[in-house]
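Coordinates in review
Residues per chain are reported as follows:
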Amino acid sequence: MPTPPLPDSAIGIDVGGTRIRVARIGAAGDLTARVIEPVQPDRSGFVAQLSRLVGTFRTDGDVAIGIGIPGRVVGHRGEILSAGYLDIAGLDLPALIAAETGLPARIENDATMALLAEANARRGGTDGLIFMVTIGTGIGGAAIDGGVPWYGGGISGQFGHIVVAEAGPVCNCGRTGCVETFSSGTALGRLIAEAGLDAETKAEELLARAESGETVCSDLLARWARPLQRAIETLVAVADPQLVIVGGGLGAEMVRALERLPKRGRWFVAPVEAARLGDDAGVIGAGLRALALPARA
């Protein structure tokens, strides 16, 4: 008997702050193979690493490739304006991948890829407008509407740059008062130092100590979470999403910190949930995004 054809799958790639994740993703968002290794930040090293990983992973069942990139990505054009520490601005990754493999490729901001996976993991999750805020070294974001990324003029979702105060630390964007400078992982480290706590203190420990009644930890968490609460209220006032998902390395801890804050009014409120897929969200979303492409280039 002839061997039945393999079901379609895609290669999902998630480029993170220090590591690159590559996985094979099925149509249901199932992850069947994965490799994680340190990412090469220089341009030539990154291209060589990407080519090697794709070549190693590719099978006959793979029909497309999706890549999540940190930074400012014009999603509908696949154009990289900036990628943080990565020296790949202006690099045409979809064309490079297609030339090497003959497979179509799609790039998106990494938060967009994570949001696609998180929505797919929820019942009815692709209905309506959903926002994601990612809390890590900085603060990222993404929006989907009806299961499709929403780009606005091209790079919507830069939620870390919602201004929540008249003054504050200077942001990477050149302004002051951005929520990223108050509620990111970097900001949490600064607050921990200002409070005179051990520099190795983790958010999970702060929450446990706050819940046991330590005022210093309670106050610190409020200072960390309140600016994000203001930013989310602004997002709700402007766009009225049906759900806001908070992810990234500190997403679950941020949601718990937000839940400790008193509610402020009743108008600008939307459900806020912690992400469910952990570090796999970006690579799963990249694979799902790739599977939405035409089967062959």
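So, here is what we can say about the structure in this document. (Residues numbered from 1 in each chain as written. Predicted model: local features only at pLDDT ≥ 70, side-chain atom pairs only at ≥ 80, totals over all residues. Heavy atoms only, no water.)

Another point: the pairing of strand S11 (residues 243–247). Consecutive side chains along a regular strand alternate between the two faces of the sheet. Of all the 5 residues making up S11, 5 are buried; the element is thus mostly covered by neighbouring parts of the structure. Burial along S11 is two-sided: the face carrying Leu243, Ile245 and Gly247 and the face carrying Val244 and Val246 are both buried. Where strand S8 (residues 129–135) lies against S11, 5 bridges are found, and the strand directions are parallel. In the sheet register, Ile130 faces S11, and the bridge partner there is Leu243. In this structure, S11 lies alongside strand S12 (residues 272–274), joined through 3 bridges in parallel fashion. (Buried < 20%, exposed > 50% of the residue type's maximum accessible area, 1.4 Å probe, protein only. Helix = DSSP H or I, 4+ residues; strand = E, 2+ residues; numbered from the N terminus. Pairing = 2+ DSSP bridges.)

Moving on, we come to the state of the cysteines. Cysteine pairs can be linked by a disulfide, which is a covalent bond between their two sulfur atoms. Applying the stated criterion across every chain yields a total of 0 disulfides. Cys173 takes part in no disulfide bond, and the closest cysteine sulfur to it belongs to Cys178, at a distance of 3.7 Å. Note on Cys178: relative accessible area 0%, which makes it buried. (Disulfide = S-S within 2.5 Å.)

As a further point, take the layout of surface pockets. Space inside the second largest pocket adds up to approximately 310 Å³. Together, 14 residues line the second largest pocket, and Gln229, Lys263, Val269, Ala270 and Val272 are the ones closest to its centre. Of all the elements in the fold, those that place two or more residues in the lining of the second largest pocket are helix H7 (215–239) and helix H8 (251–259). Broken down by element, the lining of the second largest pocket gets its largest block of residues, 4 residues, from H7. (1 Å grid on protein atoms, 1.4 Å probe; cavity = no way out; pocket = protein on both sides within 12 Å on 5 of 7 lines; lining within 4 Å. Points joined across faces, edges and corners; volume = space filled by probe spheres on them.)

The next subject is the nonpolar core. Generally speaking, a soluble globular protein has its nonpolar side chains buried in company with each other. One finds Val133, Ile135, Leu188, Leu206, Trp224, Leu228 and Met254 to be the most contacted residues of the largest nonpolar core, which totals 39 residues. Taken together, the elements giving at least two residues each to this core come down to S8, strand S9 (139–145), helix H5 (185–194), helix H6 (203–211), H7, S11 and H8. Broken down by element, the residue count for this core peaks at 11 residues, all from H7. Sequence-distant contacts of Trp224, that is, excluding residues within four places in its chain, are made with Ile135, Phe182, Ser183, Ser184, Leu188, Leu191, Leu250, Glu253, Met254 and Ala257. Judged by nonpolar contacts, the second largest core, of 27 residues, contains Ile20, Leu91, Ala105 and Ile107. (Core = buried A, V, L, I, M, F, W, Y, C linked by side-chain atoms within 4.5 Å. Contact = heavy atoms within 4.5 Å.)

In this section: the sheet that holds strand S3 (residues 31–38). With mixed pairing, 5 strands are arranged side by side in an open sheet as S3-S2-S1-S4-S7. Every other strand in the sheet has two partners, leaving S3 and strand S7 (105–109) as the edge strands with one partner each. Across this sheet, the average inter-strand angle for adjacent strands is 15°, counted without regard to direction. Where strand S4 (residues 62–69) meets S7, 5 bridges bridge the pair, whose relative direction is parallel. Considered in S7, the bridge of Gly66 is made with Arg106. Packed onto the sheet, helix H2 (residues 93–101) meets S4 and S7 and runs at close to 150° relative to S4. This element, helix H3 (residues 110–120), spans strand S1 (9–15), S4 and S7 of the sheet and lies at about 100° to S7. (Axes fitted to C-alpha atoms, helices over the stretch in contact; angles between N-to-C directions.)

Of note, Ser51 is situated in helix H1 (residues 43–57). Overall, the relative accessible area of 18% leaves Ser51 in the buried class. Filtering out sequence-adjacent residues up to four positions away, Ser51 remains in contact with Leu96 and Glu100.

With that settled, consider the packing of aromatic side chains. For the structure shown, the criterion picks out 2 aromatic pairs. Seen from their ring centres, Trp267 and Phe268 are 6.0 Å apart, and the 90° between their planes marks the pair as edge-to-face. Residue Trp267 is classed as exposed on the basis of its relative accessible area of 75%. Using a relative accessible area of 43% as the deciding quantity, one classes Phe268 as partly exposed. (Phe/Tyr/Trp six-rings, centres within 6.5 Å; stacked < 30°, edge-to-face > 60°.)

Turning our attention to the sheet that holds S8. Here we have 5 strands laid out as an open sheet, ordered S10-S9-S8-S11-S12, and mixed in their pairing. Either end of the sheet is taken by a strand with one partner, and the two such strands are strand S10 (148–149) and S12. Bridge count between S8 and S9: 7 bridges; the pairing is antiparallel. By the bridge assignment, Thr134 is partnered in S9 with Gly140. Relative to S8, H7 is tilted by about 160°, and along the sheet it contacts S8, S11 and S12.

The values are spatial; any link to function lies outside them.
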